[in-house]
Each structure stands twice: as C-alpha cells, then as structure tokens.
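Remarks on the overall topology
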Protein chains: 2
Amino acid sequence: MRGTDIQSGKAAATLAALATPALLLDRDRLDRNLARLSSRMAARGVVLRPHMKTGKSIDVARRVYRSVPGPITVSTLAEAEYFAQHGFRDMTYAVGLAPHTSDRAMRLQKAGIDIKVLLDSPEQAAMLGAAGRAAGVTPSALVEIDCDGHRGGLTATDPKLVVVAAAMAEAGVKIAGVLTHAGESYGLSTPAALVAAAESERAVAVAAAMTLRAAGHECRVVSVGSTPTAHFADDLTGVTEMRAGVYMFFDLVMHGVGVCTTDDIAISVLATVIGKKPEKGWILVDAGWMALSRDRGTAAQPADQGYGLVCDVAGKVFPDLIVSQASQEHGILAVRPGSAHALPDLPIGAKVRILPNHACATAAQHELYNVVSSDSAAIEARWPRMRGW
Amino acid sequence: MRGTDIQSGKAAATLAALATPALLLDRDRLDRNLARLSSRMAARGVVLRPHMKTGKSIDVARRVYRSVPGPITVSTLAEAEYFAQHGFRDMTYAVGLAPHTSDRAMRLQKAGIDIKVLLDSPEQAAMLGAAGRAAGVTPSALVEIDCDGHRGGLTATDPKLVVVAAAMAEAGVKIAGVLTHAGESYGLSTPAALVAAAESERAVAVAAAMTLRAAGHECRVVSVGSTPTAHFADDLTGVTEMRAGVYMFFDLVMHGVGVCTTDDIAISVLATVIGKKPEKGWILVDAGWMALSRDRGTAAQPADQGYGLVCDVAGKVFPDLIVSQASQEHGILAVRPGSAHALPDLPIGAKVRILPNHACATAAQHELYNVVSSDSAAIEARWPRMRGW
C-alpha cells in the first residue's frame, strides 16, 4: 500500500479538479516541520522517536526517515503491525497494556520487532511476563510515569514504582526504562509556562529513572515528550529520547499554544461552497464534521477557531473567517464575532482550504492525503492512511 | 462487501475474545428502533425515506428493507454509488449541490438511478441543468426549505423561492418538490417543544410546496425530517415523506432530547480497562476519541455524559459512570460530579461497553459493526461500513 504517483493514475491532478471534501498535505511544510524538531533534538543529543499516530502513513514516515527506518512510537498495535510490514523494527507502543495487547505485542516481538510496551501495575507486569513466556520471548517494558496528573502512570515518588519494577523482574520482564508524557502542556500558552512544563517533564522522568536504578534496575531509556514540550525543552540532561507526533502537521491547537504559526500547518481540508445565507453572514460548504472531525480543541483557547480557520484555495488565510458550525456534511463559514473583516464574496462552487483544530483527529476522518507543494496547485501524490486497532 | 457470518470466519466469536476497542451493534435494538418509526409513519400514510448516513452499511440497510430495496436518503455521493451497487434505485442526496456533485449525480441518473438532488439558488439550477444536458438526462431536484434557521435553504415566504423554481424550469430541471430538515429540534428536550417543532417543520414545508404549486409547478414531494420530529410529529397532513437516520441506532444526545431510553441505544464501543488511578477516582480504558469520536453533543444538555455512558460488558448501565476525558487512545472513566455512586471495582483487563453521544460520529470511527443480540455474548456477524465521499 504505497502512495500513488498521480502521473501514473487517473486521479484529479489539480486542486481545481479534486472532488471535495478532501484532505490536503503540504509536503514542503511537512518537511520543514520535520527538520525543525529533528535538528532541535540533534543539537541536544537526544533521539527523536516520532509518534506515528498523527500521520498513520508509511509515506509520511518515509519523509521522516528518508533512507533507513528508525525508532518510532505507535498508538495502536495495528500501527505497530503496519509499520513492521514496512520495515520498521524499533517501536514503542505508548498505551497501557491489556491482556489481548500483551499477547499481540509478543507475537510482534517473536517476529523480530523490538517492541517496548507500557505498564504501571504489578498485574500488567505479570500478564506481560506470561505473554512473553507463551511466545518464547523476553518482553521489554517501560514504566509509565505521571509528570503532570494528565492521565496514567505513577508519580516519581510513588512507593509503588519499585513494587512495579520488582514485579517486572519477578515476571521476567526487562525494565527498558521509564516513559512520561506532558499532556497538560496542551493547555498552556506562554513560552515561560512551556519551558517550565518541559523542565518538569524532564525532571520527573529522570527522578523516576534514578529511583529504579537505585533499586538495582538498569532503566536505560528515559523517554519524554509532547509536541509543546519537545519544542520548548532547553536542557534535556538525563533524557535519552523525545516523542512527538502532531509536530509533523501542526494544527490550530498548537498554534494557540504558541508552538507554530498558521503557515506551519501542513494539512487542510479542501471544501466547496454549496450555499449562501447573506442575511445571516453565512457561507455553506461541503465539509462538515465528517471531514473536519468533531474536535473543538481551540474552544478553550483565547482564539476559538470554531471547527477550523478558512483559507483561500492557495492557502492564504481569510482573516477571522472560521467554520462556526458543523453538521455531518455541512460546514457554516462565518466571520468571527467582533471581527471588523467582511465575509468574502465566494460563489457557489468556489473552493477553500480549512485548517484543522487538531491534525490527528481531522486526518483520521480521511482515507488518504492529497499531497501538494506550497507553491503549486498540482496534486503530486496520494498517500493512503491506515486505521483501526 | 457483504457482512461476514462469524461461523464461516476466523474472527472472535464472543465479546470476551474480541480485541478492543470495537464497535458493537445490538441487532435486537436496531430492529426494534426500525419497527417503531416504520409503524409510526405507516399509521400516518407517510413514506419513510431512511437516511443511510448513520449506518453507512448495506447490512444495516437490509434490516430496514428485508426484501426489496426502498427509498433512501444519502449524505454523500459515495453513499449513493455504494447503495446503487447494492440495488437501491430511489435516493435523495440531501446536501446542497456543487459543480462536481452535479456531474457525478447525473452519471448515476444516467445509470438508471432515480436520484433527487438539493438546491436553493438559481446558480445551482443552471449548473444542474448543464450537467443534465451533458449527461443526456433530465435532472430532478428538491428545493431546500429552511424551517428553523438551522442551516441552508429558503424560507417558505422568501420571494426567491419562485425565482429558483423558475430558474429550474428554465434550466430543464424537474422540480420534484421541497425538502426541509428541523435540525434545531436536536436542541429541544420537552415533548411539547418537539411536537411544536414537528408541526412547524410540516407547516413550513407544506406552505413552500403550495407557493410553488400556485406558481404552476408540480412539486410532488413534500419531504421533512429529523429523528426528533419524526418521533413527535402527530399530524403530517400534506407531507409525503419523512427522513430520519440516527433513529436506527439512537444515542445519548437523542436520549437527552427525550426520543429514546438508554435501553434503545443499539451501538456501543467495547473497551478494556488498562489502568487505574484510585486516588483520582479514575479507571483508564483503551477507548479514546479515536474509538468514541470527539463528539460532545451532550455537553449542552442537562445530563452531560462526557464522551459516553459506561455499561458492563452485558450492556447494563453503571449509574453515573461516564468517560470524563478522552485522548486519542485513552478514555478516563469517572463517576459524574455530584453522584452518590461509587466507582465500580474493575480490574485490569475487564471489559465495558460505552454508549455514544452521537451514533453517526462514533460509528464513523470504525470499519465494521460487531453484531450481537441483546441476550447473548456471541458475535453473530461483522458488517462492514463504507466511508469517504
């Protein structure tokens, strides 16, 4: 399932001819976003382990790793299996284990994949150990550490940390290291707060690793990450790897956090005007939540972008024009309340691009990326996405 | 692409063995919901034209029409083409036309499908006429009427109504009738308000049809619908057909509106416990927004259900246990604020079912339905869904 070169296919080769709604990916912006974080981590001597949950595409992964596949993070075992089929061998499955995922992960390991899984309880350690024995492999797991109360994991000072590690050793599970995710950083918006969140993420992960090492465990990996902290972390002493996913595409939430500009956002949804309600200040388009997702991640930010920020077909933002409402296959474009800008005059059939609140959620609504470059209306390739669990 | 009988396949045949997250469809509840609205419309002599945007599955459609395919509504031309391939001949595409959809709809009509499209402007009428001439067919369109300010369409008293009709006649487009959708009914919650919304929807559609007939147009179809108004409309004088979609599955939003009970909700997401945070009152499961969707449709209702209401694996609701937060592949279960109920004791690996806020959005996150009956843990069939545009 490799991306299709348009030249060899019969698909629409320009934006003007593309049926809508359709997902666009600006390869120039993607490449620039990839280079930015990659050089940032290289400068700090930290391995970047990109999260494939956003792109879910081998063609996107091949922009990250142009020649040899490198380390990746995955959010589902379907992703792990998909990327394994495409030659990736080193992956971290960054969601807490269940019985069925233990067995399935160990089948991948049996097939030669270096897969590290995640746990934070003695029950999971025992379960994983049993799955490893059944498959005839030694499982390797990271202990999930909670650095900001966001989700799962143990705090660095939790006495259970060494209990879990002991249970891993007892169950025959290799303690690969610790992993934390500063998910609360998505709610921040100042550089100072982001730098502090990144430092806290680092400090907590390193402290947890030291606790485990003091208890006699090897704990080689100290894995941290979120797109905001990856871009604001300065000192990464003690950290061995950084995970981030949405940075490849960026989105309006990341723009609101202050990690990117709207010119960095690499994906958008192409839509067509299908109606007008001038008396209400509305333009109707054929991209509703099925194409944009229901994500309203900017609702809690200072600039609420509705269901997305609207650009012309070339990608230039219409100031303050947002998707104010969405039903399944309809979007309503309106000027943001309080704006001095007028509604643009867009006839029936005109095309617009809509920048998404949340790249992971919007991309998931589509089967493929229509790949464009920043300065051309030609569609250069179509890259399929994988889905499911 | 017909649904697979489990007996003949190798897939998990019980809920206990099913990998999670997974979409479940209770066929008994589906059949009951279908029968309820079908008999309601039969009693009123109104054709039911079910909307396939919720199910997006030929196997679901075959529960609606057990023998001969009947009239349907679709939200995309991909749905139209899919159902046409499966023998459906009479369909209404209930989204305003664009140039590319005009051409594509006319190709379906040329292939023998009776497809009625939707418009509300002279520009669309001219565009459709041209597409019909290019395809060598006579297009048939419904004029979109706005009964409640929800989205597109012309009000019944808008002078443009006869202008659009004249443009249709001029362009060689058959005026099939009028169509309205009481989308604002989703925001209501009392029987009196719902009855009033249904009566308003009826009255506006009939008035618009009378205006067109008085201007000399045939206007045979008077099409109304939304799941709430379909269930609360009493008198449907002058209406020829009712459209509804989400009634097949129902969901928590419809429960909040007062159209169904939680025992009527036919789809749910099966999830597995992957972690616990007793100090926070949290249980972590492996169903996040990727499995549940980002839809927060109950947020504005008196009972905010978070990202879904949690049931045990047999489908019995845990009182006040909701998915309080969701990230891509994680859901956090917590007892609703203010509830006297305790967090249930669910071990790692335990399975739960999550009732969705919005069936259309949640089902769209999945590739297939795992079909169960109400009183059994056996998975009887797997029904694929279609997607895309």
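Details of the structure are given in the entry above.
Since this is a predicted model, take the numbers as computed values, not measurements.

Definitions and cut-offs
Residues numbered from 1 in each chain as written. Chains lettered and ligands numbered in written order. Predicted model: local features only at pLDDT ≥ 70, side-chain atom pairs only at ≥ 80, totals over all residues. Heavy atoms only, no water. Buried < 20%, exposed > 50% of the residue type's maximum accessible area, 1.4 Å probe, protein only. Helix = DSSP H or I, 4+ residues; strand = E, 2+ residues; numbered from the N terminus. Pairing = 2+ DSSP bridges. Right-handed = clockwise from strand over helix to strand, strands pointing away. Least-squares fit on C-alpha atoms with pLDDT ≥ 70 in both. Contact = heavy atoms within 4.5 Å. Polar contact = N/O pair within 3.5 Å; in protein donor to acceptor, adjacent residues only side chain to side chain. Axes fitted to C-alpha atoms, helices over the stretch in contact; angles between N-to-C directions. Parallel < 35°, antiparallel > 145°, perpendicular 65-115°, else oblique. Left-handed = near helix turned anticlockwise from the far one by under 90°. Nonpolar A, V, L, I, M, F, W, Y, C, P; charged D, E, K, R; others polar. Salt bridge = Lys/Arg side-chain N within 4 Å of Asp/Glu carboxyl O. Buried area = accessible area lost by both parts, 1.4 Å probe. Expected span 1.5 Å × (residues − 1). Phe/Tyr/Trp six-rings, centres within 6.5 Å; stacked < 30°, edge-to-face > 60°. Lys NZ or Arg CZ within 6 Å of the ring centre and 35° of its normal.

1. Points about the pairing of strand β5 (residues 90-96) of chain B
Residue and element names in this part refer to chain B.
- By the criterion of burial, β5 is predominantly enclosed, with six of the seven residues buried.
- Taken together, the three bridges between strand β4 (residues 72-74) and β5 define a ladder with parallel strand orientation. Paired with T73 across the two strands is T92, which belongs to β5.
- Taking the sense of rotation as the criterion, the β-α-β connection linking β4, helix α3 (residues 77-85) and β5 turns out right-handed.
- As defined by bridge partners, β5 adjoins strand β6 (residues 114-119) across four bridges and the pair is classed as parallel. Note that in β6 the partner of T92 across the bridge is K116.
- Once you follow β5 into helix α4 (residues 99-110) and on to β6, the crossover reads as right-handed.

2. A short note on the relation of the copies chain A and chain B
- For the match of chain A to chain B, the screw axis carries a shift of 0.0 Å, the RMSD comes to 0.0 Å, and the turn is 180 degrees. Each copy turns onto its partner about a two-fold axis. Taking C-alpha positions as reference, the residue of chain A nearest the rotation axis is R294(A), located at 2.5 Å.
- Interface residue correspondence from chain A to chain B reaches 100%, placing this contact among same-surface, isologous pairings.

3. Structural notes on the side chain of T76(B)
- Along the chain, T76(B) falls in the loop between β4 and α3.
- Judged by its relative accessible area of 2%, T76(B) falls in the buried class.
- One polar contact links the side chain of T76(B) to the main-chain amide nitrogen of E79(B), over a distance of 2.9 Å.
- Sequence-distant contacts of T76(B), defined by excluding residues within four places in its chain, comprise E329(A), K56(B), Y93(B), G388(B) and W389(B).

4. Examining the packing of helix α6 (residues 160-171) of chain A against helix α7 (residues 191-214) of chain A
Residue and element names in this part refer to chain A.
- For the pair α6 and α7, interaxial distance at closest approach is 10 Å and the crossing angle is 55 degrees. As far as their axial angle goes, α7 and α6 are oblique. By crossing handedness, the relation of α6 to α7 is classed as right-handed. Contact with α6, carried on its side by L161, V162 and A165, involves A208, T211 and L212 of α7 and no other residues of that element.
- By residue class, the composition of the contact of α6 with α7 is five nonpolar, one polar and no charged.

5. With respect to the pattern of salt bridges
- Applying the stated rule across the entire model yields 38 salt bridges over all chains.
- Where K56(A) meets E79(A), a salt bridge forms, and the shortest distance between an N and an O atom there is 2.9 Å. Placement of the pair is K56(A) in the loop between β3 (47-48) and α2 (58-64) and E79(A) in helix α3 (residues 77-85), with a sequence separation of 23 residues.
- Overall, K56(A) belongs to the buried group, its relative accessible area being 2%.
- Linking R294(A) and D295(B) is a salt bridge whose minimum nitrogen-to-oxygen distance equals 2.6 Å. Here R294(A) is found in the loop between α10 (289-292) and β13 (309-312), whereas its partner D295(B) is found in the loop between α10 (289-292) and β13 (309-312) on a different chain.

6. Examining the interface of chain A and chain B
- On the side of chain B, 55 residues touch chain A, which itself brings 54 residues to the contact.
- Overall, the association of chain A and chain B removes approximately 4,600 Å² of surface from exposure, summing both partners, and the carbon and sulfur fraction of that is 57%.
- On the chain A side of the interface with chain B, the three residues burying the most area are R151(A), R387(A) and W389(A), jointly 18% of the side's total.
- Linking chain A with chain B are four salt bridges.
- For D146(B), the salt bridge identified is with K277(A), shortest N-O distance 2.5 Å.
- At the junction of chain A and chain B, the tally comes to 24 residue pairs in polar contact (both at pLDDT 80 or more).
- For the side of chain A that touches chain B, the secondary structure elements donating two or more residues are β5 (90-96), α4 (99-110), α5 (122-135), β11 (267-277), β12 (282-285), α10 and α11 (359-363) of chain A.
- Its residues assigned to classes, the side of chain A that touches chain B comprises 20 nonpolar, 21 polar and 13 charged.

7. Looking at helix α5 (residues 122-135) of chain B
- The end-to-end C-alpha distance of α5(B) is 20 Å, a good match for the 20 Å that 14 residues give at a rise of 1.5 Å each.
- If you check which residues of α5(B) are buried, you get Q124(B), A125(B), M127(B), L128(B), G129(B), A131(B), G132(B) and A135(B).
- Where α5(B) is buried, its residues touch β11 of chain A together with β5, α4, β6, β7 (140-145) and α6 (160-171) of chain B.
- In the segment just after α5(B), G136(B) is the residue with positive phi, at about 75 degrees.

8. Examining the environment of L23(B)
Residue and element names in this part refer to chain B.
- Within the secondary structure, L23 sits in strand β2 (residues 22-26).
- By relative accessible area, L23 is classed as buried at 1%.
- With 245 residues separating them along the chain, L23 and S268 place their C-alpha atoms 5.9 Å apart.
- Residues within four places of L23 in sequence aside, it is in contact with I267, S268, V269, A363, H366, L368, Y369 and N370.

9. Side note on the packing of aromatic side chains
- Counting across every chain of the model gives eight aromatic pairs over all chains.
- With centroids separated by 5.5 Å and ring planes inclined at 65 degrees, the aromatic side chains of F249(A) and Y369(A) adopt a geometry described as edge-to-face. Residue F249(A) is located in the loop between β10 (241-242) and α9 (252-257), and its partner Y369(A) is located in strand β17 (residues 368-372); the two are separated by 120 residues in the primary sequence. Here F249(A) matches Y369(A) in class, with each residue buried.
- Ring geometry for Y82(B) versus F83(B): centroids 4.8 Å apart, planes at 85 degrees, classification edge-to-face. Taken individually, Y82(B) and F83(B) each receive the classification buried, so the pair is uniform in this respect.
- An aromatic cluster of three or more residues is present, and its members are Y65(A), Y82(A), F83(A) and F88(A).
- The positively charged end of R296(A) is found above the aromatic ring belonging to Y307(A), 5.5 Å away from the centroid.

10. Examining α4(A)
- Under the 1.5 Å per step criterion, the end-to-end length of α4(A) is 17 Å for twelve residues, consistent within 8% with the ideal 16 Å.
- For α4(A), the set of buried residues is H100(A), T101(A), S102(A), R104(A), A105(A), M106(A), L108(A) and Q109(A).
- In this structure, the buried residues of α4(A) make contact with α3, β5, β6 (114-119), α5 and β7 (140-145) of chain A together with β11 (267-277) of chain B.
- Among the residues trailing α4(A), G112(A) stands out with phi positive, at a value near 100 degrees.

11. Overview of the pairing of β11(B)
Residues and elements named next belong to chain B.
- Counting buried positions along β11 gives ten out of eleven residues, so the element sits mostly inside the fold.
- When β2 meets β11, the two strands line up antiparallel, connected through four bridges. Note that in β11 the partner of L23 across the bridge is V269.
- Relative to strand β16 (residues 351-355), β11 is paired through four bridges, and the arrangement is antiparallel.

12. Quick word on the sheet that holds strand β10 (residues 241-242) of chain B
Residues and elements named next belong to chain B.
- Spatially, the eight strands line up as an open sheet ordered β3-β10-β9-β8-β7-β6-β5-β4, and their pairing is parallel. Each end of this open sheet is capped by a strand with a single partner; those strands are β3 (47-48) and β4.
- Those strands touched by α3 are β4, β5 and β6, and its axis lies near 140 degrees from that of β4.
- Packing of α4 onto the sheet brings it into contact with β5, β6 and β7, and relative to β6 it is tilted by some 160 degrees.

13. Description of the environment of C360(A)
Residues and elements named next belong to chain A.
- Tracing the backbone shows C360 in helix α11.
- Note on C360: relative accessible area 1%, which makes it buried.
- Considering only alpha carbons, one finds C360 and G245, 115 residues apart in sequence, at a separation of 8.6 Å.

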